[in-house]
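# Coordinate analysis (summary)
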Amino acid sequence: MPFSSSAVPDAGRSVPTLPPGPWRDRDFRRLWLGQTASQLGEHASLVVLPLFAVLTLDAGAGQLGALRAVGQAPILMLSLFVGAWVDRWRTRTMMVLADAGRAVALGAAAVAGLLGLLGLPVLLVVAFVVGALSVFFDVAYQASLVRMVTRDQLVRGNSALEGSRSAAQIGGPALGGALVSLLSATVAVALSAVFFALSFLSIRRIGHRDPIPARTEKQPLRIWKQIHDGLRFVVSDSSLRTVCLASAAFQFSFAAVMTVYLLHLPRDLHLSGTAVGLALAATGPGALLGSLLAARLPNRFGHGAVLVSAAALGDGVFLLVPALGGAPAVTVPALIAVNFVFGTFSQLVNVTVMAIRQTVTPDGMQGRVAATINFVGMGLTPLGSLLGGFLAEVWGTRTSLLVTAVGMLLSPVLMALSPLSRLGRTLPAPSETADQSA
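Remember, predicted model here, so these are calculated numbers, not experimental data.

## Description of the overall build of the protein
Looking only at helices and strands, one finds 18 helices and zero strands in the protein. The buried share among the 438 residues of the protein stands at 59%. Surface exposure of the protein reaches about 16800 Å², of which carbon and sulfur atoms provide 68%.

Structure below.
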């Protein structure tokens, strides 16, 4: 994680210190293992469910868009509430319950598949439940490391966690696509459930009990007031405000792109589930490279310059996809290259943005700020998925890919025109007023 070499002062709370290199700590290792298994299950299921709908149920563009939208709707519905709850609960408890729930939901889907009942209605229910529990896990996960390590260890801690997520991005899509193509969707769904179960077993063994932020007379007890404070803090900070707007523009367009993309590859380019999974898996090694670059480039060239240029390169590469065609021997390597470039620069953006968010946010508001950014940034993804399905039906996949890929470029434009682009090598510390209101 790109981070200033000087530690940011802890916001008045006692955080347990760890030995040099947090990956040596037993609890951190359990978090790392659990997060890796959880991400592997999530990335596999994100490919398995849509491919099952397209290849087995012969779902149309509108139905696929609806399936993706249902899975993304909980982000809009729950993020703000979950953020407030995370700031009042232990993150370990939330992650354990979320993984247990996702394992049960996908396990039930696998049983439905064995009984021949895994139709589109069941997929819609499963997608919604898994999406809702993913909101709980993701928000809690983003706040967990801040409570486990000192701020000067966030660089190494986030680098290790992001590396594991990159590994999941490599294995998840490829494994999910191969299982759907070679075995069955039921086996693929069941394997995703197993990964969540492994994550549950690992995270529940974490001995560290992260402290729940102490309640003071000034701290609101009502959840709506807590949500309001989180929203107000994000809006008042120019960096976080821009992150929200740019993330919303990107996620809306990217959701539309991926809906069309998952139709275009198997139907218009005639690629198998294995080929689709292989192409998507190229994002993983690219993300691994992006994580390595994120540890160096912002401290050398400045966070703002790296953020804007990486977003422009990563988003712009999707403009090449509509031009691809021909034999799979040519198309698949080209798609792998596109996804590798996208993975590299999008990961560079992701870890840089996380560094900015974690640095300017006091400990007591980490959950609410993460949830607010998720709410604004990801909340429009259901509409983007529906738009992608609609455009694919009306204009066809090639034209729709071009239009939605152009829309992704709005994100780097917003960042370039904002104070975010002028952030230098050192990031500001949390404001005292924000810390007191937390």
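## Here's the deal with the nonpolar core
Note on soluble globular proteins: their nonpolar side chains tend to be buried together. Residues Y261, L271, F318 and L335 are the most contacted members of the largest nonpolar core, which totals 55 residues. For this core, the element with the most residues is helix α8 (residues 238–268), which contributes nine residues. Excluding anything up to four places from it in sequence, F318 contacts F254, V257, Y261, N339, F342, A405 and M408. The next biggest cluster of nonpolar side chains, apart from the first, holds 24 residues, and it includes F233, C244, A246 and A310.

## Let's talk about a nonpolar patch on the surface
Where nonpolar side chains cluster on the molecular surface, the patch consists of L76, M77, V125, F128 and V129 and spans about 410 Å² of accessible area. Of all elements in the fold, only α2 (61–86) and α4 (120–148) reach the threshold of two or more residues within the nonpolar patch. Per-element accounting of the nonpolar patch gives the leading share, three residues, to α4. Mapped onto the fold, L76 is located in helix α2. Taking relative accessible area as the criterion, L76 reaches 42% and is therefore assigned partly exposed.

## Here we look at helix α15 (residues 381–395)
Along its 15 residues, α15 runs 20 Å from first to last C-alpha, staying within 8% of the 21 Å computed at 1.5 Å per residue. When α15 is considered as a whole, its buried residues turn out to be T381, P382, G384, S385, G388, G389, L391 and A392. Contacts made by the buried residues of α15 are with α2, α8, α14 (366–378) and α16 (397–408). Just downstream of α15, G396 is the residue with a positive phi angle, here 90°.

## Considering the confidence of the model for the protein
Within the protein, residue pLDDT values average 76, and 77% of them lie at 70 or more. For the protein, helix α18 (residues 432–437) is the element with the lowest average pLDDT, namely 46, and helix α17 (residues 410–416) is the one with the highest, namely 92. Throughout residues 1–24 the model reports pLDDT below 50, and contacts reaching past four residues in sequence, or to other chains, amount to 73 contacts. Taken together, the stretch residues 433–438 has pLDDT below 50 and engages in twelve contacts with residues farther than four places along the chain or on a different chain.

## Description of unusual backbone geometry
Its identity as a non-glycine residue notwithstanding, H270 has a phi of 55°, on the positive side. Mapped onto the fold, H270 is located in the loop between α8 and α9 (273–281). Residue classification places H270 among the exposed residues on the basis of a relative accessible area of 62%.

## Description of the packing of aromatic side chains
In this description, an aromatic ring pair is defined by two values, namely the gap between the centres and the angle between the planes. Overall, the coordinates contain six aromatic pairs when judged by the stated rule. Taking the centre distance of 6.5 Å and the plane angle of 20° together, the rings of F250 and F342 count as stacked. With F250 in helix α8 and F342 in helix α13 (residues 328–360), this residue pair connects regions lying 92 residues apart in the sequence. A relative accessible area of 15% places F250 in the buried class. Overall, F342 belongs to the buried group, its relative accessible area being 7%. Ring centres 5.0 Å apart and planes at 80° place the aromatic pair F318 and F342 in the edge-to-face group.

Each value, and the rule that gives it
- Residues numbered from 1 in each chain as written.
- Predicted model: local features only at pLDDT ≥ 70, side-chain atom pairs only at ≥ 80, totals over all residues.
- Heavy atoms only, no water.
- Helix = DSSP H or I, 4+ residues; strand = E, 2+ residues; numbered from the N terminus.
- Buried < 20%, exposed > 50% of the residue type's maximum accessible area, 1.4 Å probe, protein only.
- Areas by Shrake-Rupley, 256 points an atom, 1.4 Å probe, with all protein chains shown as cover.
- Core = buried A, V, L, I, M, F, W, Y, C linked by side-chain atoms within 4.5 Å.
- Contact = heavy atoms within 4.5 Å.
- Patch = residues over 30% accessible without salt bridge, like charges linked within 9 Å, V, L, I, M, F, W, Y side chains within 5 Å.
- Salt bridge = Lys/Arg side-chain N within 4 Å of Asp/Glu carboxyl O.
- Expected span 1.5 Å × (residues − 1).
- pLDDT = per-residue confidence, 0-100.
- Phe/Tyr/Trp six-rings, centres within 6.5 Å; stacked < 30°, edge-to-face > 60°.

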